[in-house]
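Close look at the chain arrangement
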Amino acid sequence: MKKMMKYLASLFLCFAVILTLMPMRSEAADNASNSASSTIRVSTEGTYYENEAREVLRLVNEERAAEGLEPLKMTVAQENLAKQRAAELVGYYDHARPDGSSCFTAAGDFDIAWTAIGENIAVGQRSASAVMEAWMNSTGHRANILSADFSDIGIACFEYNGMKHWVQFFTRPYEDLQEAPATGSDQVDATVSYDFDTTFVDGSALRFTEDEANAEAGQSIELDIEVYAPAWYGGTQKIGTVDAFQFPADAVHISGIDG
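The following paragraphs examine the structure supplied in this document. From a predicted model like this one, the values you see are computed outputs, not experimental measurements.

Here's the deal with the nonpolar core
Ranked by size, the top nonpolar core spans 63 residues in total, and within it Val56 and Phe196 carry the most contacts. The biggest single contributor to this core is helix α4 (residues 76-91), with seven residues.

The structure is reproduced here in structure tokens:
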């Protein structure tokens, strides 16, 4: 079983890249308006591994040096972006974000204007060396790592439910961005919120933490709702909880919600 899981983990790598002469503002706003009725705000609790991310950075620049390329700089904005994307991978493992927009819309969220952009993602590898080996053995991922088009990078490792989710986010920004120093704080627990479209993520479900609830007429009820989504290894898993979900005053009995 362990060998099978290791094999499956090695398969779950994705890369994406765009090169352009102008910064691109994507379809994020359109997606948000079109799917507003089915979009919820989800919070996922996990742990960031800074030491693993910094080791990936070291290995990336080691590989680039071997090819005569300039090192990539880890910036504050892109490190924060990569942390956001790594948590989002729990909700939906893809270059599309859990709300259905492109991964590249995250650059706009962190005020990064770029001329070149790319993303590598992976899940299941237990160490920096393991994920770098997998990426370097994949043509598309290797091309991103060794691209002369990129100057900056954000890297994150986010563990959820015992599984590490990895992100490399590459850009060449229009403006020089502040470099991110290592904080020395490893294995930091965090709660990360993101938009999640229940119609876009096929197979997702919302479930009350209690079987039923009652309220007097004219009162409102605030309930905890768990969010489930397809797991990359098959089946479904709980990915987090809905943020601040409150039922209206005319809801006097609630027995369940699913779908």
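Description of the pattern of salt bridges
One pass over the full model with this rule turns up twelve salt bridges. We note a salt bridge from Glu88 to Arg85, for which the minimum N-O separation is 3.0 Å. With a gap of three residues between them, Glu88 and Arg85 both fall in helix α4, about one helical turn apart. Take Glu88: its relative accessible area is 2%, and that puts it in the buried class. For Arg85, a relative accessible area of 0% puts it in the buried group. When the shortest N-O distance is used, the salt bridge between Glu88 and Arg97 registers 2.8 Å. Each member of the pair, Glu88 as well as Arg97, is classed as buried. One connected set of salt bridges, linked through shared partners, spans Arg85, Glu88, Arg97, Asp109 and Glu119.

Some remarks on the side chain of Gln78
Along the polypeptide, Gln78 turns up in helix α4. You can call Gln78 buried: its relative accessible area is 0%. Beyond its immediate chain neighbours, meaning those up to four positions away, Gln78 contacts Ile112, Asp152, Ile153, Gly154, Phe169, Phe170, Thr171 and Leu177.

Notes on the environment of Tyr92
Its place among the elements puts Tyr92 in the loop between α4 and α5 (105-109). Along the primary structure Tyr92 and Val201 are separated by 109 residues, whereas in three dimensions their C-alpha atoms are 7.2 Å apart. Excluding anything up to four places from it in sequence, Tyr92 contacts Arg97, Pro98, Phe200 and Val201.

Observations regarding the packing of aromatic side chains
Within this structure, the stated rule accounts for five aromatic pairs. Ring centres of Phe150 and Phe170 lie 5.2 Å apart, and the angle between their planes is 25°; on these two criteria the pair is classed as stacked. On the criterion of sequence distance, the pair formed by Phe150 in the loop between α7 (139-145) and β5 (152-160) and Phe170 in strand β6 (residues 163-173) is long-range, its members being 20 residues apart. Of the two residues, Phe150 and Phe170, neither departs from the other in class, the shared state being buried. Considering the side-chain rings of Trp232 and Tyr233, the 5.5 Å spacing of their centres and the 85° angle between planes classify their relative orientation as edge-to-face. Between the NZ or CZ atom of Lys164 and the centre of the ring of Tyr49, over which it lies, the distance is 4.4 Å. The ring of Tyr228 is capped by Arg207, whose NZ or CZ atom sits 4.0 Å from the centre of that ring.

About the thresholds
- Residues numbered from 1 in each chain as written.
- Predicted model: local features only at pLDDT ≥ 70, side-chain atom pairs only at ≥ 80, totals over all residues.
- Heavy atoms only, no water.
- Core = buried A, V, L, I, M, F, W, Y, C linked by side-chain atoms within 4.5 Å.
- Buried < 20%, exposed > 50% of the residue type's maximum accessible area, 1.4 Å probe, protein only.
- Helix = DSSP H or I, 4+ residues; strand = E, 2+ residues; numbered from the N terminus.
- Salt bridge = Lys/Arg side-chain N within 4 Å of Asp/Glu carboxyl O.
- Contact = heavy atoms within 4.5 Å.
- Phe/Tyr/Trp six-rings, centres within 6.5 Å; stacked < 30°, edge-to-face > 60°.
- Lys NZ or Arg CZ within 6 Å of the ring centre and 35° of its normal.

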